[in-house]
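Now for the letters of each chain:
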Amino acid sequence: MVDYDISVVGGGPAGLSAACAAAKSKAKVILFEKDQSIAHNIRTSGVTWIEEIERLRISKEHYNPIKNYTFISPSNEVTIRGSTAKSCVLNVRSVYQHLAFLAAEAGSEIMIKSNVTNVVLDSKNRISGLKVGTPKGEIVIGSKLVIDASGFNSSVAQRLGLVSRWKRYGIGAEYECYCENVDSETWTLMVGRQYSDAGYAWIFPLSKYRVKIGVGIGRPESYTDPVEKLNSIIEKRLKPLDKMGKIQPVELHHGLIPNEGLRKSTVYDGLMLVGDSAGQANPLVLEGIRYAIEFGMLAGEIGAKSLAQNSDKGSLLEYERIWKKRVESKINSALKVQSRWIGLKDEDWDREIEILRDMSHEEFFDFIKAEFTARKMLRLALNHPKLMARQLFDMVLRN
Ligand SMILES: Cc1cc2nc3c(=O)[nH]c(=O)nc-3n(C[C@H](O)[C@H](O)[C@H](O)COP(=O)(O)OP(=O)(O)OC[C@H]3O[C@@H](n4cnc5c(N)ncnc54)[C@H](O)[C@@H]3O)c2cc1C
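Attention in this report is confined to the structure presented alongside it. (Residues numbered from 1 in each chain as written. Predicted model: local features only at pLDDT ≥ 70, side-chain atom pairs only at ≥ 80, totals over all residues.)

## Some thoughts on the sheet that holds strand S3 (residues 47-49)
The criterion, for reference: The criterion for strand pairing is that DSSP finds at least two bridges linking the strands in question. Here a strand is any run of E in DSSP of at least two residues, a helix any run of H or I of at least four, and the numbering for each starts at the N terminus. Under this scheme, a helix contributes an axis fitted over its contacting stretch, all axes are lines through C-alpha atoms, and angles between N-to-C directions fall in the 0 to 180 degree range.
Pairing within the open sheet is antiparallel, and its three strands lie in the order S3-S7-S4. Looking at strand neighbours, the two that pair on one side only are S3 and strand S4 (63-66), the edges of this open sheet. Across the sheet, the axes of successive neighbouring strands diverge by a mean angle of 35 degrees, strand direction being ignored. Sheet topology places S3 next to strand S7 (residues 87-90); three bridges connect them, and they run antiparallel.

## Describing helix H5 (residues 226-236)
Operational definition: Any residue surrounded by 20 or more other C-beta atoms within 10 Å of its C-beta is treated as buried, while 12 or fewer makes it exposed and the intermediate range makes it partly exposed; C-beta atoms here are placed from the backbone. This arc describes the spread of directions from the helix axis toward the C-beta atoms. What counts as a contact is two residues whose backbone-derived C-beta atoms lie within 7 Å of each other.
Turning to H5, its buried residues number three or more, namely Pro226, Lys229, Leu230 and Ile233. Summarising the axial view, the buried residues of H5 lie within an arc of 100 degrees, below the 170-degree limit, and thus occupy one face. For H5, the exposed residues set more than 90 degrees away from the buried face come down to Glu228, Glu235 and Lys236. Residues of H5 that are buried in the fold lie against strand S12 (169-179), strand S14 (199-205) and strand S15 (210-219). A positive phi of about 55 degrees marks arginine 237, the residue just after H5.

## Quick look at the site of the ligand
Put simply, the rule is: Being near a molecule or strand means, for a residue, that its backbone-placed C-beta atom lies within 6 Å of it. Each residue receives one of three labels: charged for Asp, Glu, Lys and Arg, nonpolar for Ala, Val, Leu, Ile, Met, Phe, Trp, Tyr, Cys and Pro, and polar for the others, Gly being one of them. Each domain's extent was defined by an automatic or database domain assignment.
By nearness alone, 39 residues border the ligand, and Gly12, Gly151, Gly172, Gly275 and Gly288 come closest of all. Residue assignment for the shell around the ligand shows that the elements contributing at least two residues are helix H1 (13-24), S3, strand S9 (115-121), strand S16 (247-258) and helix H6 (289-306). The class makeup of the residues in the shell around the ligand is 13 nonpolar, 19 polar and seven charged. The residues that make up the shell around the ligand include at least three from each of domain 1 (2-43 + 92-166 + 264-327) and domain 2 (61-90 + 168-258).

## Here we look at unusual backbone geometry
A cis geometry characterises the amide bond from arginine 219 onward to proline 220, with omega recorded as 10 degrees. A cis amide bond, omega 5 degrees, links lysine 239 with the succeeding residue proline 240. Looking at where proline 240 falls in the secondary structure, it is placed in the loop between H5 and S16. Despite not being glycine, arginine 237 has its phi angle at roughly 55 degrees, a positive value. By the element assignment, arginine 237 lies in the loop between H5 and S16. Residue arginine 237 is classed as exposed on the basis of its C-beta count, with 12 C-beta atoms lying within 10 Å. With a phi close to 65 degrees, asparagine 310 is a non-glycine residue in the positive phi region. Structurally, the position occupied by asparagine 310 is in the loop between H6 and helix H7 (313-342).

## Considering H1
To keep it simple, the criterion reads: The span you would expect from a helix comes to 1.5 Å times its residue count less one.
In this model H1 runs 16 Å from its N-terminal to its C-terminal C-alpha over 12 residues, within 8% of the 16 Å that 1.5 Å per residue would give. Extensive coverage of H1 is indicated by the burial of 11 of its 12 residues. Buried residues belonging to H1 abut strand S1 (2-9), strand S2 (29-32), helix H3 (92-106), strand S11 (137-148) and H6. Positioned one or two residues after H1, lysine 26 has a phi angle of 75 degrees, which is positive.

## Focus: the sheet that holds S15
Strand order in the open sheet made by the seven strands is S6-S5-S13-S14-S15-S12-S16, with mixed pairing throughout. The two strands at the open ends of the sheet, each matched to only one other strand, are strand S6 (76-81) and S16. Geometrically, the sheet is characterised by an average inter-axis angle of 15 degrees between neighbouring strands, direction not taken into account. The pairing of strand S13 (residues 186-190) with S14 spans three bridges and is antiparallel. Looking across to S14, one finds that leucine 189 is bridged to tryptophan 202. Taken strand by strand, H5 contacts S12, S14, S15 and S16, and its axis lies near 135 degrees from that of S15.

## Concerning the environment of glutamate 320
Summarising the element assignment, glutamate 320 is placed in helix H7. Residues glutamate 320 and leucine 307 lie 13 residues apart in sequence; the distance between their C-alpha atoms is 16 Å. Setting aside residues up to four positions removed in sequence, glutamate 320 forms contacts with Thr266 and Val267.

By themselves, these are just geometric observations and shouldn't be taken as functional.
In structure tokens:
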């Protein structure tokens, strides 16, 4: 049996960033990814924010910059135009492979097509290793600390009975397409029942002729199949697809995202949860990649430091304290807005997107990025006396 200081389960943005940071801190690290390559199955759309993602060492060759933001409801449309690009659509495969190269360069081992199937416990019931199905057969490795970065399934923590399956979640399907007429500087969100009965549809451009068209649906509010819905939107050429010319899907992406808020506890003796496994994504606009990278790095650093104290829960609590301080209140506020959005009828949506039309650029970005600090929300409520805006911001501020 080979022994490692830290083993990471999952080669998404959280796991790759954790492996990189832990290896940089001189820990002996191995990462397991069950798919046959890093980013083989894409489960995400890749919209994020340029300033934040560049701070995390993702440079412009990995994304398409976005200046304008359009919201379409059944009988309304609002476009917010910017003079500079603030958002972007990531080339997800190139970003994740870049993160894998950084992890490898830092000294982490990476095993692809390697599915973690079980956890090994010692005589005191403490995690001491993992069982992994690999192309060479089943292996058992020893590990002082396991980082569960397995995404939606929190597979290690669930196997140990420490967490239960998410009950509220979003399910999404997306085609990456050749498309004849794409405005490559504008992303579009479409709301209302014809697009999604509990969520929204999107158009996220990657370049002049390459675009992602997708649908997200909230469970348990709706059990509609997102692929069927997506096919119907494309077949019916719902607005704005009617102006996009030839649309030819070349790749189907499919994914699940927790929509319930944070896991209560994300550290245990010898175990950390990070990324979607910990519930670190912003549910308002299904945005989790930058958090997965940021908190993956944090988990790797603190995890490596904890080895000196046997990686007991107490030595890992600093990780939980820091990440919760950065996002807990924002995610909770985003959930409140989302619970309002999920119940809206078509005519409500026509009115709701008017709130966005009234916002300044700064207000819009704070809102869509879920920067719901009390000070910012109060200013918004004061600046926007319209009843709906007031209701929305009152709701966010209420505890
Ligand atoms: C439809 C949809 C659209 C989204 N759009 C956006 C967006 O536009 N912008 C954004 O920022 N976020 C978006 N998100 C959210 C974002 O994708 C996630 O928050 C992010 O991917 C979380 O990263 P992660 O590393 O925690 O998990 P994942 O990216 O899910 O990675 C987990 C990895 O673990 C592997 N794995 C799982 N179990 C095992 C096992 N037992 N053994 C070995 N490997 C295992 C999986 O194969 C996977 O590669 C979207 C999500 C969905 C579902």
